[in-house]
Amino acid sequence: MADKDQLIIESGEAAQPFKYAVGMPGSKFFAETRDNKRLMGEKCPKCGRVYVPPRGICGKCYVKMDEWVEVGPLGVIGTFTILRFAFIDPETGHQKPVPYGYGFIKLDGADTLYQHYINIEDESKIKIGARVEPVWAENRKGTTRDIEYFRVID
Amino acid sequence: MDRAAIIGVGMTKIEANKSRETFADMAWEAVNKALDDAGMTIADIDNVVTTSSDFWDGRTISCMAVGDASGAADKNISCIEGDGTYGAFYGYMRALSGSYKTTLVTGHSKGSQGVSSLLTNAAFDPIYERGLGMDMISACAMQANAYMNKTGVTPEQAALVSVKNHGNALKNPVAQLPMKISVGDVMKSEMIADPLRKLDCSPISDGCCAVVIAHEAVAEKFKKRPIWVRGLAFRTDAFFFGDRDLARSNALAAAAQDAYKMAGITDPKKEIDLIELYDAFTYQELLWLEEMGFAEYGKATELLAQGQFDIDGALPVNASGGLMAGHPVIAAGLYRIAEIVLQLRGEAGAHQVKKAKTGLAHGVNGLCGQSHCVWILDQER
Ligand SMILES: [Zn+2]
């Protein structure tokens, strides 16, 4: 049987560009992380739930939210995983060094969980309910990476 | 209310890489199998619903690209993005609308042609979540940890799902991964994302499934005994994982209750004979069974260990091998429906269960079970 080669069609430098609107709530959220190292949530005027990340609308009550409250910066691990298998990092296109930790963080004062990296230097401390703090980036640009990761402080 | 039934099913073999076949080739095979099964020709089909995902197919309006191979030329064709159970839900509504008598529903995907982690990463919020690299496996690992933390279920206990389903697949000719394995084998397999090991995860798969849904006016005019839709519902949870209770699935509990109500079922444990559900990961089979009322929360593992969910058990679950034995995204839920249809007809072959009058098929759309679709199918109207 003949060797099979794949037909490869490349597009050179061209990519498929796409621009996502961050939205006004997202803009405020990231301005606060960048300028003030503060985490802000939006509070529903009807049910009182505090949402992080902010998204402008409480889906359950189907009402607009416009009240801001500061949350965290401390919180607890809501759930987590430790990645052992190298996947391609969508931010770099390269495999991310493993292992690394992901978690959903219940920030103090918030009713939802906020997704981020968890530092796993001491894996034995990574447990649901463990108390964590954010480690802020030196150079903050107004993205989720204004926080480098959360770390256990117990 | 008018009634509708499934009168034909066709499945390609599920494989890791159908390198010789295009999407249209797979659709051609599944559609012709479904037509043969029903004793129909394409002229007997009056409209078509295709189910696919543009990201997985690597093209826009992916559903239209398989129209010709699905027999949709000159017909009314409509497209659903999501799991095949949702495409079939739409096909069922078309049957009930009074405007259509015979609806062909297909679902296809080829996991082999893309990079699963990047494709599922693209399902996350682009501003807050995607850049962190979360994908289906890491998200479900977090759900697994939340579930295990709340219930005390252990990875060893969940591993038995993998043992059972891969073992069942030995009897199913369309399954991709038939394997005789032990709990020890699962626990020794590579750790992907705590607590999920390689054998806790469903594989990447290629496949296409087709079903024919008929209005009651014509359901008995073709070759096969119609399998009637008695109950059907879906419910959806919040998009952001952080808004949900990941240790539970409220959407599934609600969808199941809606479907039971429509079917007039008051005691699902007694009235449902077998289940095909969306076990993308081992813990999910347990959690989904519990939310649908087949075990108390955190206790499905006990019934599993007793053998109750085995092919010859009191309530066979995934006698086909389920998603553990083949997970063509999008098509997977439609395969569940087709499997229940074969079982209720007594045509499932080596994995036929003994008592099969009423069956439940379950599909999932969205990561970690954001939305669930529950079908109650029956031999009797
Ligand atoms: Zn509200």
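All values reported here derive from a predicted model rather than from experimental measurement. (Residues numbered from 1 in each chain as written. Chains lettered and ligands numbered in written order. Predicted model: local features only at pLDDT ≥ 70, side-chain atom pairs only at ≥ 80, totals over all residues. Heavy atoms only, no water.)

Focus: the nonpolar core
Residue and element names in this part refer to chain B.
- The biggest cluster of nonpolar side chains holds 65 residues, and the ones touching the most others in it are Tyr 260, Ile 275, Phe 281, Met 292, Phe 294, Leu 360 and Ile 376.
- Every residue in contact with Phe 294, bar those within four places of it in the chain, is listed here: Tyr 260, Pro 268, Lys 269, Ile 272, Ile 275, Leu 289, Leu 303, Leu 315 and Leu 360.
- Within the second largest apolar cluster, 39 residues are counted, among which are Val 49, Phe 89, Ala 95 and Val 229. (Core = buried A, V, L, I, M, F, W, Y, C linked by side-chain atoms within 4.5 Å. Buried < 20%, exposed > 50% of the residue type's maximum accessible area, 1.4 Å probe, protein only. Contact = heavy atoms within 4.5 Å.)

A look at the interface of chain A and chain B
- At the junction of the two partners, chain A supplies 37 residues and chain B supplies 32 residues.
- Here Asp 194 of chain B ties to Arg 84 of chain A by a salt bridge, and the two come within 2.7 Å at their closest N and O atoms.
- The interface formed by chain A and chain B contains 15 residue pairs in polar contact (both at pLDDT 80 or more).
- Where the side of chain A that touches chain B is concerned, the elements lending two or more residues are α1 (23-36), β6 (75-83), β7 (100-107) and β8 (114-118) of chain A.
- Sort the elements by how many residues they give to the side of chain A that touches chain B and β6 of chain A lands first, with five residues.
- When grouped by side-chain class, the residues that make up the side of chain A that touches chain B number 23 nonpolar, eight polar and six charged. (Salt bridge = Lys/Arg side-chain N within 4 Å of Asp/Glu carboxyl O. Polar contact = N/O pair within 3.5 Å; in protein donor to acceptor, adjacent residues only side chain to side chain. Helix = DSSP H or I, 4+ residues; strand = E, 2+ residues; numbered from the N terminus. Nonpolar A, V, L, I, M, F, W, Y, C, P; charged D, E, K, R; others polar.)

Considerations on the packing of helix α4 (residues 84-96) of chain B against helix α13 (residues 332-345) of chain B
All names here are of chain B.
- Contact pair α4 / α13: the axes reach a minimum separation of 5 Å and the direction vectors enclose 65 degrees. Between α4 and α13, the residues in contact are Gly 84, Thr 85 and Ala 88 and Gly 333, Leu 334 and Ile 337, respectively.
- Looking at the contact of α4 with α13 residue by residue, the classes come out as three nonpolar, three polar and no charged. (Axes fitted to C-alpha atoms, helices over the stretch in contact; angles between N-to-C directions.)

Some words on the coordination of the zinc ion
All names here are of chain A.
- Distances from the zinc ion to its protein donors, namely Cys 44 (SG), Cys 47 (SG), Cys 58 (SG) and Cys 61 (SG), fall within the range 2.3 to 2.4 Å.
- Of note is the zinc ion, whose four donor atoms meet at the metal with angles of 105 to 115 degrees in an arrangement that counts as tetrahedral.
- Read N to C, the donor residues that coordinate the zinc ion are spaced as C-x2-C-x10-C-x2-C. Of this pair, Cys 44 sits in the loop between β1 (39-43) and β2 (50-51) while Cys 58 sits in strand β3 (residues 57-58), and the two are 14 residues apart along the sequence. Neither residue differs from the other here; Cys 44 and Cys 58 are each classed as buried. (Donors = N, O, S within 2.8 Å, 3.2 Å for Na, K, Ca; no water. Tetrahedral: all angles 85-135°; square planar, octahedral: opposite > 155°, others 65-115°.)

Concerning the state of the cysteines
Residue and element names in this part refer to chain B.
- Within the structure shown, the criterion is met by zero disulfides over all chains.
- Among the cysteines around Cys 201, which has no disulfide bond, Cys 140 carries the closest sulfur, lying 8.7 Å off.
- This cysteine, Cys 373, is not joined by any disulfide, and Cys 209 carries the nearest cysteine sulfur, 14 Å off.
- Taking the relative accessible area as the measure of exposure, Cys 373 reaches 0% and is therefore buried. (Disulfide = S-S within 2.5 Å.)

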